Structure formats: C-alpha cells, structure tokens
Amino acid sequence: MNLVEPGICRRSFIASAAGLASAGGLFALGADPVIRPDSVDTVPKRKPRVAAINSVYRLRSHAYHIAGRFIHGYTRNGFHHQPPFELVRMWNHQHPSNDLGPGVCEQHGIELSKTISQALGEKQGLDVDAILLIIEHGDYPQNERHQTLYPRYEFFEQIVDVFKKCGRTVPVFVDKHLSYDHRLASKMVQTAREMKFGLMAGSSLPVTWRRPEIEPTLGTPFEEGLVCFGFDPKTVEIYLFHALELLQCMFERRKGGETGVKSVEFLEGDAVWQAGDEERWSWRLLDAALSRCPSRNTGPLRENVLKPQAVLIEYEDGTRGAALNLLEQTSDFGFAATIEGWSEPLSSCFYLPAPPGARFFDPLTFNIEKFFASGIPSYPIERTLLTSTMTDLATLSRHEESRVVTSPALSIRYSAPKDSGFFRGPYIDAG
C-alpha cells in the first residue's frame, strides 16, 4: 500500500503534515506546534487536532471527564492547565435523555459527527492528529459472566479502516481495558504493532496521587502484594480492572521485570476468609493496605463485609498478588507489599478525589497529552493487555465456580517505565 494514496487522503496528509506522526510528535508538550509543509515558507501556528469517539457524553461519564478536560482544561500542580490541543470533532454512540454532547459541541465550536469516519475527517480523509476512544458507560448488554459488552474493539476497527484507506495513522488512546475479551484485546495490540501507530490504554489508578508518595525503583525484589478496594460486587469487572492495574503498575517494577502470569483464581464469600487463613493471601498485608485508607470502617472485618471477593494471581516467577473487594470496609484503593530484606510492608493509598470533579482524571489526561505529543505511550500497552486478560479470565474463573485458570495468553513480558507518571503534590487549586 502506498504511504499516501491519491485523492482525498492525499489532501488530508498534506494538510496535516505538521501534526503528530504515528511514531512521534513534532512538538514538545506545553509548546506551540508549528505546521511545516515543504512547499510553504511561512504558515500560521495551529494546535494539533483531536477527535473523541465516545459511548455517551453525559454528566460523570468517562467521556465527560476526559474529553471535557481537553475542552475546559484542569488543575495541575495547583494551577489551571489547558491542553495544547484542539478537540475538533465528537461522535457519541448513544444519546440518553441527559445527553450533554450536542450542547457542549455547539457551545465550544466542536463538530458533532454522525459517524466515526466523519469524526476522523471523512471527505477530507484523516485530518486529525490523535484520537480518544472512550467507550465506558451507556446502555450495553452483559454476557453470562456479567461482563459489559462495550464495543471498544468494533469501534477501534472502524478507526483502523480509516487508517488503511488513507495510508496514515495517528496515536489512539483507549480508555480503561482494551476489551472484555482478551482475544480481541490482543488483536488490537497486534494491529497497532503491524501498522506502527502508538496505542495507549488503561486506568487512572496507576497515575493518580499516592498517599504516601511511593515509587519503587526498578528491580525492587517484591515477594507478595495485595490491593484492597470496595465497590458493588455485582459489577465486579468494572472495578476489578482498576485494582489489577494498580497491582500491576507496582509489580511490573519488580526484579526481572514483568515475566507473565501463571494463573488467575476468583473467590467469593467464606472462601475468601478461608484462603487468608490458609495464607494464600496475607492478612498482614490487608491490615497494612487498609491502614492507608481514609474510608476504612470500624469494627471487625469479617462481621462488616457481607460478600467478600478476591482474585488471586500467581506470577510465572513465583510472586503472588491478590485483589480483595471489601465493599463494607473501604471505598478507597489501598496497596501493600512485602519486599525481600524489608521487615515492614510497603503500603500506600491510591487516592481518588470524589465526583463530580473526579480529579483523578487530571493525571490520566495529562499522560494522554504526553502520549499524543510524542506518539510514545507513557506506559507500555502490554500492561493493559495483561490486566485486560487477567480481568477477563477472573470472570471466567468466577463463572466456573472458582476454577484456577491458566492460559498462554497470560505469558506477557515487558519492561516498566522508569517514571510511572503518577501525580505528585497538590490535587486542589492553589491560593
């Protein structure tokens, strides 16, 4: 296939030649990008153009929080930060009675598109420099494992179709896990590799504020780790993914790097307490993690929590991890781990400022900005592929009465970034 096809895609390519290239950006974050067509000596500056492909744009939806920050800006280090990008088009799959999309687009001069291809340029070809794919919230069916069948893969494929027609690609950010089905998630990563465009995805948990601010050095000899959280056990997939992203952003920094997962097991009810008593997960680490949680409940844990849930992770190198959903005990995300040679656990609360502002989307949006500016993900897509796979197989284990699930799909190796990108400092406005 030619790099630039004739007709509409050629016009698109020339018009956006100074935007973001698929392998890297042409400007530094915070600086003004400059258009640099070969045949033009002096041209006006412009901001790189972003398209948002959303499931729904309503109050507190992920599109409201992420795309909204590209429109309105947000707080960074206590002061207002306006992303150096222009959100030019938006496409929303669903339009509920509380739909905010039309009003927001009209007020801010954003084109509200009727199709995904139209949002990416259609007649002009691919004329945007980066794409947000935010398919979270909305009215979608569930399968027998209670996984919400969000069409992230299907909409990703429509984006890729435009790339193929135009012979050009741009960075794509996928909110949360890549897909409810790990096989579709793997296809998405493989497509990005083959077509050589930047793909980034994941949760806000790895980059939100940490209290205390801990950043284990690469090569830390972790032995065992645990995440506690507390959300509706009926929608286990939604918040389990966040917990596993938290666990993974810490464990990927262990000695030897990420070498893959051996097995995943889901437990519920008294089986969770029994597993703790049998030392399959650590009561000591749970106490350390809960001690960091401002929302920690009083009273005995076993009396408070009516329906505990746990996912037990065994890594290929022998490291053990656990994620415990304890609805009545905490609404925070706490982490604790044992480290070889340390007498006390390492622990922290991964802090999530409450809605409606939900300021944990500030650090996520900033890391998306860095990705759009460079074309290089802030953290490896392999992390989110692994956590997507663990989440999928955990729901399978639950569906099959806590069967220990093993799969070659869990054998994902990668190296962690030196800086995990989490926000330090204040999370409120200065002054």
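J.: How should the environment of tryptophan 281 be read in this particular structure?
T.: Of note, tryptophan 281 is situated in the loop between α8 (270-277) and α9 (283-291). Sequence-wise, tryptophan 281 and isoleucine 313 are 32 residues apart; in three dimensions their C-alpha atoms are separated by 9.7 Å. Beyond its immediate stretch of four places on either side in the chain, tryptophan 281 contacts Glu224, Leu226, Val272, Trp273, Ala275, Gly276, Leu286, Leu312, Ala322 and Leu324. At 2.9 Å, the side chain of tryptophan 281 and the backbone oxygen of valine 272 are in polar contact.

J.: What exactly am I supposed to notice about the environment of phenylalanine 231 here?
T.: Of note, phenylalanine 231 is situated in the loop between β10 (222-229) and α7 (236-251). Distance from phenylalanine 231 to leucine 326, taken between C-alpha atoms, is 7.3 Å for residues 95 residues apart in sequence. In contact with phenylalanine 231, not counting residues within four places along its chain, are Tyr239, Asn325, Leu327, Ser331 and Phe333.

J.: For this particular structure, what's the right way to read helix α2 (residues 62-72)?
T.: For α2, the buried fraction is high: 9 of the 11 residues fall into the buried class. Those residues of α2 that sit buried are His62, Ala63, His65, Ile66, Ala67, Gly68, Arg69, Phe70 and Ile71. The positive-phi residue at the C-terminal boundary of α2 is glycine 73, with phi of around 85°.

J.: Help me understand the sheet that holds β10 in this model?
T.: Within a sheet, each strand pairs with its neighbour through backbone hydrogen bonds, oriented either parallel or antiparallel. Across the sheet, which stays open at both edges, the 7 strands sit in the order β9-β15-β14-β10-β13-β12-β11 with mixed pairing between neighbours. A single partner strand is all that each edge strand has here, and the edge strands are β9 (209-211) and β11 (261-268). Averaged over all pairs of adjacent strands, the angle between strand axes in this sheet comes to 20°, irrespective of strand direction. Sheet contacts for α7: β9, β10, β11, β12 (309-315), β13 (320-325), β14 (333-339) and β15 (346-351); angle to β10, the most-contacted strand, approximately 150°.

J.: Quick question: what am I supposed to make of the state of the cysteines here?
T.: Formally, a disulfide is one covalent bond, and it connects the sulfur atom of one cysteine to the sulfur atom of another. The tally for this structure, following the rule as stated, stands at 0 disulfides. The thiol sulfur of cysteine 293 is not disulfide-bonded, and the nearest other cysteine sulfur, from cysteine 228, lies at 4.1 Å. The exposure class assigned to cysteine 293 is buried, which follows from its relative accessible area of 6%.

J.: Help me understand the packing of aromatic side chains in this model?
T.: The description of an aromatic ring pair rests on the distance of the ring centres and on the angle between the ring planes. In this structure the tally under the stated criterion is 22 aromatic pairs. Pairing phenylalanine 163 with phenylalanine 197 gives two aromatic rings, centres 5.1 Å apart and planes at 75°, and the pair type is edge-to-face. Here phenylalanine 163, found in helix α5 (residues 152-166), pairs with phenylalanine 197, found in the loop between α6 (182-195) and β8 (199-202); they are 34 residues apart in sequence, far enough to count as distant. There is no split in this pair, since phenylalanine 163 and phenylalanine 197 are both buried. With 4.8 Å between their ring centres and 35° between their planes, phenylalanine 360 and phenylalanine 361 make a pair best called tilted. A residue is classified by how much of its surface remains accessible, and phenylalanine 361, at 3% relative accessible area, is buried.

J.: Hey, could you run me through the pairing of β10 in this one?
T.: Successive residues of a regular strand alternate their side chains across the two faces of the sheet. Judged by how many residues are buried, β10 sits mostly within the fold: 7 of 8 residues are covered. Here β10 pairs with β14 via 6 bridges, running antiparallel. Residue pairing across strands places phenylalanine 222 opposite isoleucine 339, the latter belonging to β14. As paired elements, β10 and β13 share 6 bridges and run parallel to each other. Residue pairing in the sheet places leucine 226 in a bridge with alanine 322 of β13.

J.: So what exactly am I meant to see when it comes to the sheet that holds strand β6 (residues 130-134) here?
T.: Strand order in the open sheet formed by 6 strands is β5-β4-β1-β6-β7-β8, and the pairing between neighbours is parallel. Among the strands making up the open sheet, the edge pair consists of β5 (111-112) and β8. In the sheet, strand β4 (residues 86-92) pairs with β5 via 2 bridges, with the strands oriented parallel. Note on β5: the bridge partner recorded for arginine 89 is glutamate 111. Here helix α11 (residues 361-374) sits on the sheet in contact with β1 (49-54), β6, β7 (172-175) and β8, set at roughly 155° to β7.

J.: Looking at this structure, I do not really get the side chain of glutamate 382. What am I missing?
T.: The topology assignment puts glutamate 382 in helix α12 (residues 381-399). According to the relative accessible area criterion, glutamate 382 is buried, its value standing at 18%. The residues touching glutamate 382, leaving out its near neighbours within four places in the chain, are Arg193, Ile412, Arg413 and Tyr414.

Conventions adopted
- One numbering rule holds for all chains: residues counted from 1, following each sequence as written.
- Per-residue local features are limited, in this predicted model, to residues with pLDDT of at least 70; the limit for side-chain atom pairs, both in listing and counting, is 80 or more; totals at the level of whole chains, interfaces and linings are taken over all residues.
- As a rule here, side-chain values come from all non-hydrogen atoms in the structure, and water together with hydrogens is ignored.
- Numbering of helices and strands runs from the N terminus; a helix is a DSSP stretch of H or I covering at least four residues, while a strand is a stretch of E covering at least two.
- Pairs of residues are marked as contacts when any of their non-hydrogen atoms sit within 4.5 Å.
- Here a polar contact is taken to be a pair of N or O atoms separated by no more than 3.5 Å, where protein atoms must pair a possible hydrogen donor with a possible acceptor and residues adjacent in sequence count only if both atoms sit in side chains.
- For each residue, the accessible area found with a 1.4 Å probe, counting protein chains only, is set against the maximum for its type, and the residue is called buried under 20%, exposed over 50%, and partly exposed in between.
- Pairing between strands is defined by DSSP: at least two bridges between them are needed.
- Between N-to-C directions, angles span 0 to 180 degrees; the directions come from axes that are lines fitted to C-alpha atoms, helices contributing only their stretch in contact.
- Here, two cysteine sulfur atoms that lie within 2.5 Å of each other are counted as a disulfide.
- Ring pairs are drawn from Phe, Tyr and Trp, using the six-membered ring of Trp, whenever the two centres fall within 6.5 Å, and their geometry is named by plane angle: stacked under 30 degrees, edge-to-face over 60, tilted for the rest.

Don't take any of this as a statement about function, it's just geometry.
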